[in-house]
Amino acid sequence: MTLPMTVPAPGLPARVRIHEVGARDGLQNEKSTVPTEVKAEFIRRLAAAGLTTIEATSFVHPKWVPQLADAEQLFPLVSDLRGVELPVLVPNDRGLDRALALGARRIAVFASATESFAKANLNRTLDESLAVFEPVVRRAKDEGAQVRGYVSMCFGDPWAGAVPLPQVVRVCKALVAMGCDELSLGDTIGVATPGHVRALLSELNEEGVPTDVIGVHFHDTYGQALANTYAALQHGVTTVDASAGGLGGCPYAKSATGNLATEDLVWMLRGLGIDTGVDLGHLVATSAWMAGHLGRPSPSRTVRALSHKEQ
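Residues numbered from 1 in each chain as written. Predicted model: local features only at pLDDT ≥ 70, side-chain atom pairs only at ≥ 80, totals over all residues. Heavy atoms only, no water.

(A) The sheet that holds strand β8 (residues 214-218), seen in detail. Overall, parallel pairing links the nine strands, which are arranged β2-β1-β9-β8-β7-β6-β5-β4-β3 in an open sheet. Looking at strand neighbours, the two that pair on one side only are β2 (53-54) and β3 (57-58), the edges of this open sheet. Pairing between β8 and strand β9 (residues 239-242): two bridges, direction parallel. The residue of β9 that forms the bridge with Gly215 is Thr239. (Pairing = 2+ DSSP bridges. Helix = DSSP H or I, 4+ residues; strand = E, 2+ residues; numbered from the N terminus.)

Structure, rendered in structure tokens:
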């Protein structure tokens, strides 16, 4: 592929690690359950496209996320992938037990930056939820696992509205203090703008949270995901969450259009001369394949554009 033309911009990282979330964050929002074998094939195709961090599943109670009730069946089907990290989400000690028993060594916990979302999603206060995560993180670290801390509602909350920067920083510092190796700053309802992104990253740095432990997770509700990603890259962030084909969404914002599509991200990074190790053509074919299984077109503009050219 000769397009996009590579035109580097000053001050950007040479390489970005894409944290692929389509198989977990994407598929958990589907109304219908995707067969386990299809999920496994999806992950294998993503790995073949060059993605090296693929969030595989979530060890939550099936009652809460029935779409991922097959975690025990799925993980062994993909755990033999070489050179691929397969993070899994765990909500509590029981989830950690299940994950560790299958050999998972990259664990993620899911915290909130706001009281309202902590209550809605976790049925706890913000501080109570952090107290639940502390022994989970500690035990995961004792078992030699790497731990990622997701922080949702970093840029806005559907109930509380704007979220003060110090409130987000407090949660991030708590997760780092309890042992999280990496943070993922979530724009859960897709309301962030580039200036807001730069301000939060700067405040985190000023409060002792270094850029190299920070990843960003943007939703494209208002069409700002790539602009926000670019702002994060300018700040030095090198880990970006994205979802193949733009799978996923937010159940708390009906207008949300889902996660930043991995293909759209790769197209932009390729044009900037930033290495990802991802074969865009292979990735587009994988997302088109999954869209066929889901029975609808991919929302990714890059998938649509390149798939149309091949027809």
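(B) Spotlight on the packing of aromatic side chains. Applying the stated criterion to the full structure yields three aromatic pairs. Here Phe155 and Phe218 contribute two aromatic rings whose centre-to-centre distance is 6.0 Å and whose plane-to-plane angle is 45°, an arrangement assigned as tilted. Residue Phe155 is found in the loop between β6 (146-152) and α7 (165-177), and its partner Phe218 is found in strand β8; the two are separated by 63 residues along the sequence. Ring pairs connect the aromatic residues Phe110, Phe117 and Tyr150, which therefore count as one cluster. One Lys or Arg, Arg45, reaches over the ring of Trp289 and ends 4.1 Å from the middle of that ring. (Phe/Tyr/Trp six-rings, centres within 6.5 Å; stacked < 30°, edge-to-face > 60°. Lys NZ or Arg CZ within 6 Å of the ring centre and 35° of its normal.)

(C) Seen up close, helix α2 (residues 36-48). For α2, spanning 13 residues, the distance from its first C-alpha to its last is 18 Å, which sits close to the expected 18 Å at 1.5 Å a residue. Along α2, the residues that are buried comprise Thr36, Val38, Lys39, Ala40, Phe42, Ile43, Leu46 and Ala47. Packed against the buried residues of α2 are β1 (17-20), α1 (22-26), β2, α3 (71-78) and α11 (280-294). With its phi angle positive at about 110°, Gly50 sits one or two positions after the end of α2. (Expected span 1.5 Å × (residues − 1). Buried < 20%, exposed > 50% of the residue type's maximum accessible area, 1.4 Å probe, protein only. Contact = heavy atoms within 4.5 Å.)

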